[in-house]
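# Tertiary structure, described
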Amino acid sequence: MRYRRDYRQGGCYFFTVVTARRRRILTHAASITLLRQAFRHVRQRHPFHIDAVVVLPDHLHCVWTLPPECSDFSLRWQQIKRYFSTHIDAQLPCWQKRFWEHRIRDERDYANHLDYIHYNPVKHGYVTRAQAWPHSSFGKFVKQGVYAPDWGVSPPDLPNHIGQE
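In this report, the structure presented in the accompanying data block is examined. (Residues numbered from 1 in each chain as written. Predicted model: local features only at pLDDT ≥ 70, side-chain atom pairs only at ≥ 80, totals over all residues. Heavy atoms only, no water.)

## Some details on the sheet that holds strand β1 (residues 12-18)
Under the convention used in this document: Following DSSP output, two strands are said to pair if at least two bridges run between them. By the criteria applied, helices consist of DSSP H or I runs no shorter than four residues and strands consist of E runs no shorter than two, each listed in order from the N terminus. As a rule, the C-alpha atoms of each element are fitted with a line to give its axis, helices using only the stretch in contact, and angles between N-to-C directions run from 0 to 180 degrees. It only takes one pair of heavy atoms within 4.5 Å for two residues to be counted as in contact.
Overall, antiparallel pairing links the four strands, which are arranged β2-β3-β1-β4 in an open sheet. Only two strands of the sheet have a single partner each, and these edge strands are β2 (49-55) and β4 (100-103). With direction set aside, neighbouring strand axes in the sheet form an average angle of 15 degrees. With seven bridges joining them, β1 and strand β3 (residues 59-65) adopt antiparallel strand pairing. The partner of Phe-14 across the bridge, within β3, is Val-63. Across the face of the sheet, helix α2 (residues 73-87) comes into contact with β1, β3 and β4 while running at roughly 140 degrees to β3.

As structure tokens, this is what we get:
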């Protein structure tokens, strides 16, 4: 069976991108800075909006919204991975070749994926509450009133398929 991507102009998508062999290459401030540079570099050439993001040592999750006339998220991921890989001091491949995408269907799906993203550092045992993880958009959502600062101490009530799609 061949996997078919769901390309929609102006679509909103949840992504999971994993490092090669799940190596923990996203643990140092320099690699986080480089990843931010890669995102900025690609966004200048191929715009998209990063709605939410969390970066963990061996993978990241994010939600993007593409411009109304655009559907090519694969090109953007290819270029982000390439930029990062060519600028980091590493001998081995940095990223798994593929990534996971899920097109956000509606507001509830959007909210569920935001919860999944922001709870992920707690789920993996890196912190005991979402606010404690520094490489996340959680703080932005607290400022917007979407989350209370103490949200994420206990697991959110999510459908089983979220993060497993």
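## Examining the packing of helix α1 (residues 29-45) against α2
Put simply, the test is: When an angle is under 35 degrees it counts as roughly parallel; over 145 it counts as roughly antiparallel; between 65 and 115 it counts as roughly perpendicular; any other value is oblique. Should the near helix be turned anticlockwise from the far one by less than a right angle, the crossing is left-handed, and should it be turned clockwise, the crossing is right-handed.
Taken N-terminus to C-terminus, the directions of α1 and α2 make an angle of 140 degrees; their axes are 9 Å apart at the nearest point. By the criterion of interaxial angle, the relationship of α1 to α2 is oblique. Considering only the axes of α1 and α2, their crossing is right-handed. Here Ser-31, Leu-34, Leu-35, Gln-37, Ala-38, Phe-39, His-41 and Val-42 of α1 lie close against α2, whose contacting residues are Arg-76, Trp-77, Gln-79, Ile-80, Tyr-83, Phe-84 and His-87.

## Quick word on the nonpolar core
Keep this limit in mind: Grouping buried Ala, Val, Leu, Ile, Met, Phe, Trp, Tyr and Cys residues that are joined through side-chain atoms within 4.5 Å yields what is termed a nonpolar core. Residue burial is assigned from relative accessible area. The probe radius is 1.4 Å, only protein chains are included, and a residue is buried under 20% of its type maximum, exposed over 50%, and partly exposed in between.
Judged by nonpolar contacts, the single largest core of 26 residues is most densely connected at Leu-35, Trp-64, Trp-77, Ile-80 and Phe-84. At the level of elements, β1, α1, β2, β3 and α2 are the ones that each hand at least two residues to this core. By residue number, the principal contributor to this core is α1, which donates six residues. Residue contacts for Trp-77: discarding those within four places in its chain leaves Phe-15, Val-17, Phe-39, Leu-60, Cys-62, Trp-64 and Phe-99. Counting 20 residues, the second-largest nonpolar core is a separate cluster that includes Val-54, Leu-114, Val-127 and Ala-130.

## Focus on the side chain of Ser-136
Quick note on the threshold: N or O atoms within 3.5 Å of each other form a polar contact, as long as, within protein, one can give a hydrogen and the other can take it, and as long as residues adjacent in sequence are counted only when both atoms are side-chain atoms.
The topology assignment puts Ser-136 in the loop between α3 (107-123) and α4 (138-143). Exposure remark for Ser-136: the relative accessible area of 19% places this residue in the buried category. At 3.0 Å, the side chain of Ser-136 and the backbone nitrogen of Phe-138 are in polar contact. With residues up to four places along the chain from it excluded, the contact list for Ser-136 reads Val-53, Val-54 and His-118.

## Examining the packing of aromatic side chains
Rule in force here: Two aromatic rings from Phe, Tyr or Trp, using only the six-membered ring of Trp, form a pair when their centres are within 6.5 Å; if the ring planes differ by under 30 degrees the pair is stacked, by over 60 it is edge-to-face, and anything between is tilted.
In total, this model carries 21 aromatic pairs according to the counting rule given. Taken together, a centroid distance of 4.5 Å and an interplanar angle of 15 degrees make the contact between Trp-64 and Trp-77 stacked. Highlighted residues: Trp-64 in strand β3 and Trp-77 in helix α2, separated in sequence by 13 residues. You'll find Trp-64 and Trp-77 in the same group, each marked buried. Ring geometry for Tyr-119 against Trp-151: centres 6.5 Å apart, planes inclined by 85 degrees, an arrangement best described as edge-to-face. Within this pair, whereas Tyr-119 is found in helix α3, its partner Trp-151 is found in the segment after α4, the two being separated by 32 residues in sequence. We classify Tyr-119 as buried; its relative accessible area is 12%. These aromatic residues form a ring-pair network of at least three members: Tyr-13, Phe-15, Phe-39, Phe-48, Trp-64, Phe-73, Trp-77 and Phe-99.

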